[in-house]
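Coordinate inspection notes
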Amino acid sequence: MNRCLIGQMGHVALRSSDAQASIDVATRMLGLRVTGEDAGTTFLSANRNHHELIYIEDDRNGVDRFGLVAADEDALDEARHRVAQAGFPIVADEPIEAGLGRGFTFVGPDGFVFEIYLDMPQSVEPALGFGPDRYGHINLHAADIVGMRDFLVGVLGFMVSDVIGDGELYFLRCNAEHHGIALGKGRGVMHHHAWQAQSIVELGKLNDRLDAARRRALWGPVRHGAGHNIATYFAEPGGSVVELYTDMEHIYDPHRPANTWPTEDGRWYNRWGVYIPAEFRDYGIPPITVARGL
Ligand SMILES: [Fe+2]
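Residues numbered from 1 in each chain as written. Predicted model: local features only at pLDDT ≥ 70, side-chain atom pairs only at ≥ 80, totals over all residues. Heavy atoms only, no water.

Turning our eyes to something else, we now look at the overall build of the protein. Counting its secondary structure elements, the protein contains five helices and 17 strands. Computed over its C-alpha atoms, the radius of gyration of the protein comes to 18 Å, within 12% of the 19 Å expected for a compact globule of 294 residues. Taking the principal axes of its C-alpha atoms as reference, the protein extends roughly 50 × 50 × 40 Å. Residue pairs in contact within the protein that sit at least 24 positions apart in sequence constitute 68% of those at least 6 positions apart. Taken as a whole, the protein presents about 12,400 Å² of accessible surface, with 50% of it coming from carbon and sulfur. (Helix = DSSP H or I, 4+ residues; strand = E, 2+ residues; numbered from the N terminus. Rg over C-alpha atoms; globule rule 2.2 N^0.38 Å. Contact = heavy atoms within 4.5 Å. Areas by Shrake-Rupley, 256 points an atom, 1.4 Å probe, with all protein chains shown as cover.)

Of note, the bond from Gly220 into Pro221 is cis; its omega dihedral lies within 30 degrees of zero at 5°. Tracing the backbone shows Pro221 in strand 14 (residues 217-223). We note that His228 has phi near 65°; this positive angle belongs to a residue other than glycine. In this fold, His228 is placed in the loop between strand 14 and strand 15 (230-235). Phi at Asp247 takes a positive value of approximately 65°, unusual for a residue other than glycine. As for its placement among the helices and strands, Asp247 is situated in the loop between strand 16 (241-246) and strand 17 (259-261). A relative accessible area of 40% means that Asp247 is categorised as partly exposed. (Buried < 20%, exposed > 50% of the residue type's maximum accessible area, 1.4 Å probe, protein only.)

As a further point, take the coordination of the iron ion. Of the protein atoms, only His137 (NE2), His192 (NE2) and Glu243 (OE) coordinate the iron ion, at distances of 2.0 to 2.1 Å. Relative accessible area serves as the criterion here: at 3%, His192 is assigned to the buried category. (Donors = N, O, S within 2.8 Å, 3.2 Å for Na, K, Ca; no water.)

To continue, consider the sheet that holds strand 14. Strands pair in a sheet through their backbones, by hydrogen bonds, and they do so in one of two ways: parallel or antiparallel. With respect to topology, nine strands assemble into an open sheet ordered 14-15-16-13-9-12-11-10-17, the strand pairing being mixed. In this open sheet, the two strands that pair with only one neighbour each are strand 14 and strand 17. Looking at each pair of strands side by side, their axes are set apart by 20° on average, direction ignored. Lying over the sheet, helix 4 (residues 200-212) contacts strand 14, strand 15 and strand 16, oriented at roughly 20° with respect to strand 15. (Pairing = 2+ DSSP bridges. Axes fitted to C-alpha atoms, helices over the stretch in contact; angles between N-to-C directions.)

Let us now look at the sheet that holds strand 5 (residues 62-70). Across the sheet, which stays open at both edges, the eight strands sit in the order 2-3-4-1-5-8-7-6 with mixed pairing between neighbours. The strands lining the two open edges of the sheet, one partner per strand, are strand 2 (33-38) and strand 6 (90-92). Across this sheet, the average inter-strand angle for adjacent strands is 25°, counted without regard to direction. Packed on one face of the sheet, helix 1 (residues 19-30) meets strand 1 (6-16), strand 2, strand 3 (41-45) and strand 4 (53-57) and runs near 160° to strand 4.

So, about the domain arrangement of the protein. Bring the parts together and some accessible area is lost; that lost area is often taken as the interface size. For the protein, the domain assignment lists domain 1 (6-117) and domain 2 (134-291). Listed by partner, the interface residues are 42 residues for domain 1 and 44 residues for domain 2. Buried surface at the junction of domain 1 and domain 2, both sides included, amounts to about 3,400 Å², of which 72% is carbon and sulfur. For the domain 1 face of the interface with domain 2, the top three residues by lost area are Met9, Met29 and Asp110, together amounting to 21%. The tally of links from domain 1 across to domain 2 stands at zero salt bridges. Linking domain 1 to domain 2 there are 13 residue pairs in polar contact (both at pLDDT 80 or more). Among the elements of the structure, strand 1, helix 1, strand 4, strand 5, helix 2 (73-85) and strand 8 (113-117) are those that each provide at least two residues to the side of domain 1 that touches domain 2. Among the elements that take part in the side of domain 1 that touches domain 2, strand 1 stands out by supplying ten residues, more than any other. (Domains from an automatic or database assignment. Buried area = accessible area lost by both parts, 1.4 Å probe. Salt bridge = Lys/Arg side-chain N within 4 Å of Asp/Glu carboxyl O. Polar contact = N/O pair within 3.5 Å; in protein donor to acceptor, adjacent residues only side chain to side chain.)

Turning to the environment of Arg281, a few remarks are in order. Within the secondary structure layout, Arg281 lies in the loop between strand 17 and helix 5 (288-291). Classification of Arg281 by relative accessible area gives partly exposed; the value is 46%. As for Arg281 and Arg187, which are separated by 94 residues in sequence, their C-alpha atoms are 9.8 Å apart. Setting aside anything within four residues of it in sequence, one finds Arg281 in contact with His141, Lys185, Gly186, Arg187 and His191. Looking at Arg281, its side chain comes within polar contact range of the main-chain oxygen of Lys185, at 2.6 Å.

On to the nonpolar core. Among the nonpolar cores identified, the biggest contains 60 residues, and Ile116, Leu156 and Phe158 are the most heavily contacted of them. Look past the residues within four positions of Leu156 in its chain and what remains in contact with it is Arg3, Cys4, Leu5, Ile6, Leu68, Ala79, Val83, Ile116 and Phe151. Ranked by size, the runner-up nonpolar core spans 19 residues in total, among them Ala194, Leu218, Ala226 and Ala235. (Core = buried A, V, L, I, M, F, W, Y, C linked by side-chain atoms within 4.5 Å.)

Right, let's get into the side chain of Thr105. For Thr105, the location among the structural elements is in strand 7 (residues 103-107). With residues near it in sequence (within four places) discarded, Thr105 still touches Pro89, Ile90, Val91, Ala92, Glu94, Pro95, Ile96, Val113, Phe114 and Glu115.

Next up, the structure:
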């Protein structure tokens with residue numbers, strides 16, 4: 001069996017043209033805490049991992065890189081071999097951030113940079129308060145959805161949990177959680193990054209914090225069909241969308257066949273109604289190299 005070489009989703013590093021506003025929203029609305037700062041780079045986390053989200057000051061918004069944690073030492077070596085064999089340029093034989101342990105960095109489909117590594121350094125236990133449990137998944141609107149699917153499934157070993165229509169969207173998992181990466185067809189952007197909360201109550205509290213700050217949620221709480229998660233979404237100042245979710249399906253059977261949904265069956269995105277905001281797909285940020293026209 002083609003086991004998944006990735007064990008955990010790791011972290012997301014974003015560039016923001018208003019990094020302080022992005023950090024304020026990540027801490028005061030979502031509930032992450034700052035674990036470190038270094039020359040325009042701010043590290044944030046929901047738990048004891050040193051970082052799950054990074055904001056880097058820049059003159060434009062974009063995705064700097066995605067961090068993925070290898071399943072083990074052998075998986076890291078196998079991933080390095082397969083990525084090179086598949087022709088993706090390896091730009092460093094180590095992760096970009098210091099302290100991540102062994103790893104490597106490469107440019108994947110659509111120009112997104114990935115670093116695969118072992119061992120995230122730990123930080124202190126967060127103080128009790130509001131906030132998610134952990135970073136959970138990203139949602140990409142891929143310009144080359146087949147290329148991105150083939151890379152994640154064929155090279156890294158992600159498993160397909162759900163498919164919408166004739167390959168309109170794919171929900172892919174690397175561990176028991178229903179999806180670590182969701183793919184739709186689009187402009188070659190990251191649409192959202194998502195964070196797990198303990199219950200739907202936390203989603204209500206988030207929307208109350210947004211309202212108190214005179215910010216607006218984009219959508220939710222909504223029960224998705226694909227993934228079964230209850231989710232709510234808001235836009236952050238750096239151009240991407242943030243999802244807080246709970247009650248996601250977990251899959252422990254590696255042979256569980258992919259669920260398929262007809263595109264026109266709106267239950268895949270909303271089991272509690274028919275609503276999806278018209279402007280929802282307008283958000284998203286490209287890889288920073290693409291944002292710079294490189
Ligand atoms: Fe999501």
